[in-house]
Amino acid sequence: MEQAGRPAVEVRERESWRPELVLASASPRRLALLEQIGIVPDLLLPADIDETPRRGEKPRDYARRVACAKAAAVRELLKTRRKEGDAISGSFIVAADTVVAVGRRILPKAEVAEEATDCLRLLSGRTHRVYTALAIVSPKGRERDRVIETRLRFKALSRAEVDGYIASGEWRGKAGGYAIQGLAGSFVVKLVGSYSGVVGLPLYETAALLAGEGYPVHRQWLNLEL
């Protein structure tokens with residue numbers, strides 16, 4: 001769950017020709033991924049929702065439900081922060097959720113070393129899946145979502161590798177107890193799917209959905225102003 005009461009963060013002043021873009025997350029990884037493709041959100045506004053999996057919920061369904069719930073929650077927050085009409089007519093909202101799963105088992109976002117250790121031991125030498133769900137709400141209220149599945153196989157991890165990774169602290173708050181963009185990248189034997197999706201935001205799908213709803217993704221690359 002996102003931390004309750006975390007304030008919104010203004011990222012930059014918006015150009016007059018461009019609609020507002022709100023990232024429903026405080027994740028520095030998702031912010032960096034957006035910036036990689038030339039998109040800088042105007043506002044970081046994390047959603048305060050219950051992310052507890054439902055009994056028997058499949059990992060893909062869970063990721064989609066949470067991402068859509070984040071987008072909906074932030075849309076409601078915008079309504080309370082501003083005049084309702086302005087919030088609906090002027091803002092794109094981007095939300096995402098990443099889930100690491102072994103079969104139907106959803107691994108936790110590790111908060112203590114024991115959780116991360118259990119995750120790494122479970123992932124050692126085997127294939128697992130990462131589901132990243134993307135949800136976008138357009139200024140007109142249109143909702144779009146995608147779930148991206150990536151398959152990864154870890155090497156067989158030695159005790160020294162597990163202990164060393166736990167000591168690094170990189171696992172803290174990460175789904176499945178690891179961050180592929182850091183030291184754990186050395187554990188990955190094979191990856192089939194979206195690397196950026198495993199990091200936290202599938203870039204191809206994000207750009208495609210935003211552009212499809214009319215957000216000027218590629219115009220920003222030209223750095224033009226009216």
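Residues numbered from 1 in each chain as written. Predicted model: local features only at pLDDT ≥ 70, side-chain atom pairs only at ≥ 80, totals over all residues. Heavy atoms only, no water.

As for the overall build of the chain
In terms of helices and strands, the chain carries eight helices and eight strands. When each of the 226 residues of the chain is scored for burial, the buried share is 48%. Nonlocal contacts in the chain, meaning residues at least 24 apart in sequence, comprise 71% of its contacts between residues at least 6 apart. Roughly 11,200 Å² of accessible area belongs to the chain as shown, and the carbon and sulfur atoms make up 48% of that amount. (Helix = DSSP H or I, 4+ residues; strand = E, 2+ residues; numbered from the N terminus. Buried < 20%, exposed > 50% of the residue type's maximum accessible area, 1.4 Å probe, protein only. Contact = heavy atoms within 4.5 Å. Areas by Shrake-Rupley, 256 points an atom, 1.4 Å probe, with all protein chains shown as cover.)

What to know about the packing of aromatic side chains
All chains considered together, the criterion is met by four aromatic pairs. Ring centres 5.3 Å apart and planes at 75 degrees place the aromatic pair Phe 92 and Tyr 215 in the edge-to-face group. Within this pair, whereas Phe 92 is found in strand 4 (residues 91–102), its partner Tyr 215 is found in the loop between helix 7 (203–212) and helix 8 (219–222), the two being separated by 123 residues in sequence. Of the two residues, Phe 92 and Tyr 215, neither departs from the other in class, the shared state being buried. Relative to Phe 187, the ring of Tyr 165 lies with its centre 5.6 Å away and its plane at 65 degrees, an arrangement referred to as edge-to-face. Here Tyr 165 is found in helix 5 (residues 159–168), whereas its partner Phe 187 is found in the loop between helix 5 and strand 8 (188–192), with 22 residues between them in sequence. On the basis of relative accessibility, which here comes to 2%, the residue Tyr 165 falls in the buried class. Among the aromatic residues, those joined into a ring-pair cluster are Phe 154, Tyr 165, Tyr 178 and Phe 187. (Phe/Tyr/Trp six-rings, centres within 6.5 Å; stacked < 30°, edge-to-face > 60°.)

A closer look at the confidence of the model for the chain
Interpretation of this model should avoid reading the predicted coordinates in detail wherever pLDDT is low. When pLDDT is averaged along the chain, the result is 89, and 87% of the positions lie at 70 or above. Within the model, the stretch residues 1–5 combines pLDDT values under 50 with 11 contacts to residues more than four positions away or in other chains. (pLDDT = per-residue confidence, 0-100.)

Describing the environment of Val 198
The residue Val 198 is located in helix 6 (residues 195–199) in this model. On the basis of relative accessible area, Val 198 is assigned to the buried category, the value being 9%. Apart from residues lying up to four places away in sequence, Val 198 is in contact with Thr 98, Val 130, Thr 132, Thr 150, Leu 152, Tyr 178, Ile 180 and Leu 191.

Observations regarding the environment of Ser 194
Tracing the backbone shows Ser 194 in the loop between strand 8 and helix 6. Each C-alpha atom, one on Ser 194 and one on Ile 148, is 7.4 Å from the other, the two residues being 46 residues apart in sequence. Apart from the residues lying within four places of it in its own chain, the contact partners of Ser 194 are Ile 148, Thr 150 and Pro 202. A polar contact of 2.9 Å, which involves the side chain of Ser 194, links it to the backbone nitrogen of Gly 197. (Polar contact = N/O pair within 3.5 Å; in protein donor to acceptor, adjacent residues only side chain to side chain.)

Focus: the nonpolar core
Soluble globular proteins tend to pack their nonpolar side chains together in the buried interior. The biggest cluster of nonpolar side chains holds 45 residues, and the ones touching the most others in it are Ile 39, Val 94, Leu 120, Tyr 165, Tyr 178 and Leu 210. Leave out the neighbours within four places in its chain, and Leu 120 touches Phe 154, Leu 157, Val 162, Tyr 165, Ile 166, Gly 177, Tyr 178 and Phe 187. By size, the runner-up hydrophobic cluster in this structure holds 21 residues, among which are Val 22, Leu 45, Tyr 62 and Ala 133. (Core = buried A, V, L, I, M, F, W, Y, C linked by side-chain atoms within 4.5 Å.)

Focus: helix 4 (residues 113–123)
Taken as a whole, helix 4 has its buried residues at Ala 116, Thr 117, Cys 119, Leu 120, Leu 122 and Leu 123. Next to the buried residues of helix 4 lie strand 4, strand 5 (105–106), strand 6 (127–137), strand 7 (143–154) and helix 5. Among the residues trailing helix 4, Gly 125 stands out with phi positive, at a value near 70 degrees.

A closer look at the pattern of salt bridges
Counting across every chain of the model gives 12 salt bridges. Residue Glu 76 is joined to Lys 79 by a salt bridge in which the shortest nitrogen-to-oxygen separation is 3.3 Å. Pair noted here: Glu 76 and Lys 79 are both in helix 2 (residues 59–81), with a separation of three residues, about one helical turn. Here Lys 79 falls in the partly exposed class, since its relative accessible area comes to 22%. (Salt bridge = Lys/Arg side-chain N within 4 Å of Asp/Glu carboxyl O.)

Considerations on the environment of Lys 140
Take Lys 140: it is sitting in the loop between strand 6 and strand 7. When its relative accessible area of 80% is taken as the criterion, Lys 140 is described as exposed. Between the alpha carbons of Lys 140 and Glu 213 there is a distance of 9.4 Å; along the sequence they are 73 residues apart.

Description of the pairing of strand 4
Among the 12 residues that make up strand 4, 12 are buried, leaving the element largely enclosed by the rest of the structure. Neither face of strand 4 is left uncovered, since the one carrying Ser 91, Ile 93, Ala 95, Asp 97, Val 99 and Ala 101 and the one carrying Phe 92, Val 94, Ala 96, Thr 98, Val 100 and Val 102 both have all their residues buried. Judged from the four bridges that link them, strand 2 (residues 20–23) and strand 4 form a sheet pairing that is parallel. Within the sheet, the bridge partner assigned to Leu 23 lies in strand 4 and is Val 94. In this structure, strand 4 lies alongside strand 6, joined through nine bridges in antiparallel fashion. Bridged to Val 94 within strand 6 is Ile 136. Note: strand 4 against strand 5, two bridges, orientation antiparallel. (Pairing = 2+ DSSP bridges.)

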